[in-house]
Structure formats: C-alpha cells, structure tokens
Amino acid sequence: MTRAIEAITELLQSFIDDEPKPPLHVGEVMSLWTAVTAFQEARALYQAALNTTTDPDLRHTLENAVQASKKDYNMIKEFLIKEGVQLPAVNEDKPNSDPTAVPEGVRLTNDEIANLISAKVATSISFCAASMSQSIRSDVGLLFFQIQVQLMKFATPLKNLMKTRGWLKSPPPYSPPGVPREHI
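Now for a look at the structure at hand. (Residues numbered from 1 in each chain as written. Predicted model: local features only at pLDDT ≥ 70, side-chain atom pairs only at ≥ 80, totals over all residues. Heavy atoms only, no water.)

## Re the overall build of the chain
What counts here: Secondary structure elements follow DSSP: runs of H or I no shorter than four residues count as helices, runs of E no shorter than two count as strands, and numbering proceeds from the N terminus. Each residue's exposure class comes from its accessible area (1.4 Å probe, protein chains only) as a fraction of the maximum for that residue type: buried when under 20%, exposed when over 50%, partly exposed otherwise. Working rule for contacts: check all heavy atoms of both residues, and any pair within 4.5 Å makes them a contact.
When you go through the chain residue by residue, the secondary structure sums to five helices and zero strands. Counting from the amino terminus, the chain carries its helices and strands in the arrangement α-α-α-α-α. For the chain, buried positions account for 34% of its 184 residues. Pairs at least 24 apart in sequence give 78% of the contacts found in the chain among residues at least 6 apart.

The following block contains the structure:
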C-alpha cells in the first residue's frame, strides 16, 4: 500500500510545478480539442435522453450528467482560449420537451439510456487516462486527472442504479477449462 501512496504522491507533485510552461504540443491540443467536443456532444445526448424518460432516478442522473459535462466543457474551453487554440464548432443545447410526447419507436428505453451513458462515461475515463499519460505539461495532465476523478465519482451511483433496475449489461461468466463446476 505504501508504494501506491508514494506513486500517487509523486504523480500529484508532478502536477504542481512553478516552471514556465512550454507551448502545448500537438497531442495535448488534439486531446483537449477532442475532449471539449466530446463533452458538448455528451451533453446533447444527456439532454435528448432527458426528453425521453420519465424515470425520476434516471432523470436525476441525467441532470447531474448535464451539469458535469457543462462544467468539464467550460473548464477545457477556458483552458484552450487561454492557450490561444481555436475552439471547435459545437451543437446548441437541446430544448426541453415532454417525454410522454415522444413516439414509442423513437423513444429510447431507460435501459438503453443508462447503458449509453455508462459506455460514454467508461470511454471518457479511458480517454482521460490516455490523454493524461501523453501530456508533458503538468497543467494539462492535472486537468484530465480532475475530469477523470469526477467521471469515476459519477460512474459509481450510475452503476448502482443500473444494478438495482436490472439494466446493467454484463458478459457471461467465464469458466476456464478444467475448473470443477461447483467453483463457478
């Protein structure tokens, strides 16, 4: 356990430096640019999902997701503007609509919505880890680290909701050859 704590301490110390910042490298810009686009697109997905569900727990989760994606989007947007990077064109927010007015063939089920969100969050967590590891500048790495931690905090209650509602998709159990059936 001590080595894990030491590794985390070293990681956090690497984010706190007083050295002059070099210009962003092309990989950092691409990661930031992709992230700002992805968080805006995620917000559109969450807003569309809010317009198609009446489940109060899922609506609460989606409202939290909209707020979190706005926060992450704005954080990265401000960083890119400060660095002089042109912002991508993004979609406008979706207007609110009555979920009961959405036709059955168009409306996503609660199961579909929850699994879309879960997949989006899991992909974003992995993307943040890859972007953090590719960043040379400590401030860029810290930005992705902060977003990743927030995503992980969001993912846990989402997974619990999915478990309790029977929405969680999981692969079949793996049974390696030669393992007695009673151990499975």
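Okay, back to it.
## A word on the packing of aromatic side chains
Threshold: Two aromatic rings from Phe, Tyr or Trp, using only the six-membered ring of Trp, form a pair when their centres are within 6.5 Å; if the ring planes differ by under 30 degrees the pair is stacked, by over 60 it is edge-to-face, and anything between is tilted. Placement of a positive charge over a ring is assigned whenever Lys NZ or Arg CZ falls within 6 Å of the ring centre and within 35 degrees of the normal to the ring plane.
Tallied over the full model, the rule gives one aromatic pair. When the centroid spacing of 6.1 Å and the interplanar angle of 75 degrees are considered together, the rings of Phe 127 and Phe 144 count as edge-to-face. Remark: Phe 144 occurs in helix H5 (residues 138–165) and Phe 127 occurs in helix H4 (residues 110–134); sequence separation between them is 17 residues. In this structure Phe 127 comes out as partly exposed when scored by relative accessible area, which is 28%. The ring centre of Tyr 73 lies 5.5 Å from the NZ or CZ of Arg 43, which sits over that ring.

## Topic: the nonpolar core
What counts here: Only buried residues count toward a nonpolar core, which is a set of Ala, Val, Leu, Ile, Met, Phe, Trp, Tyr and Cys residues joined through side-chain atoms within 4.5 Å.
In terms of nonpolar packing, the biggest core is built from 35 residues, with Leu 32, Tyr 46, Leu 58, Leu 62, Ile 76 and Ile 117 touching the most fellow members. Put simply, the parts of the chain that give this core at least two residues each are helix H2 (26–50), helix H3 (56–82), H4 and H5. The element contributing the most residues to this core is H5, with nine residues. Other than its neighbours up to four places away in sequence, Leu 32 contacts Leu 24, Ile 76, Phe 79, Leu 80, Val 140, Leu 143 and Phe 144.

## Looking at the environment of Leu 80
Tracing the backbone through its elements, the reader meets Leu 80 in helix H3. Take Leu 80: its relative accessible area is 0%, and that puts it in the buried class. Distance from Leu 80 to Leu 32, taken between C-alpha atoms, is 7.5 Å for residues 48 residues apart in sequence. Apart from the residues lying within four places of it in its own chain, the contact partners of Leu 80 are Leu 32, Trp 33, Val 36, Val 85 and Leu 87.

## Side note on the side chain of Thr 52
Within the secondary structure, Thr 52 sits in the loop between H2 and H3. For Thr 52, a relative accessible area of 13% gives the class buried. Among residues more than four places away in sequence, those in contact with Thr 52 are Pro 99, Val 102, Arg 107, Leu 108 and Ile 113.

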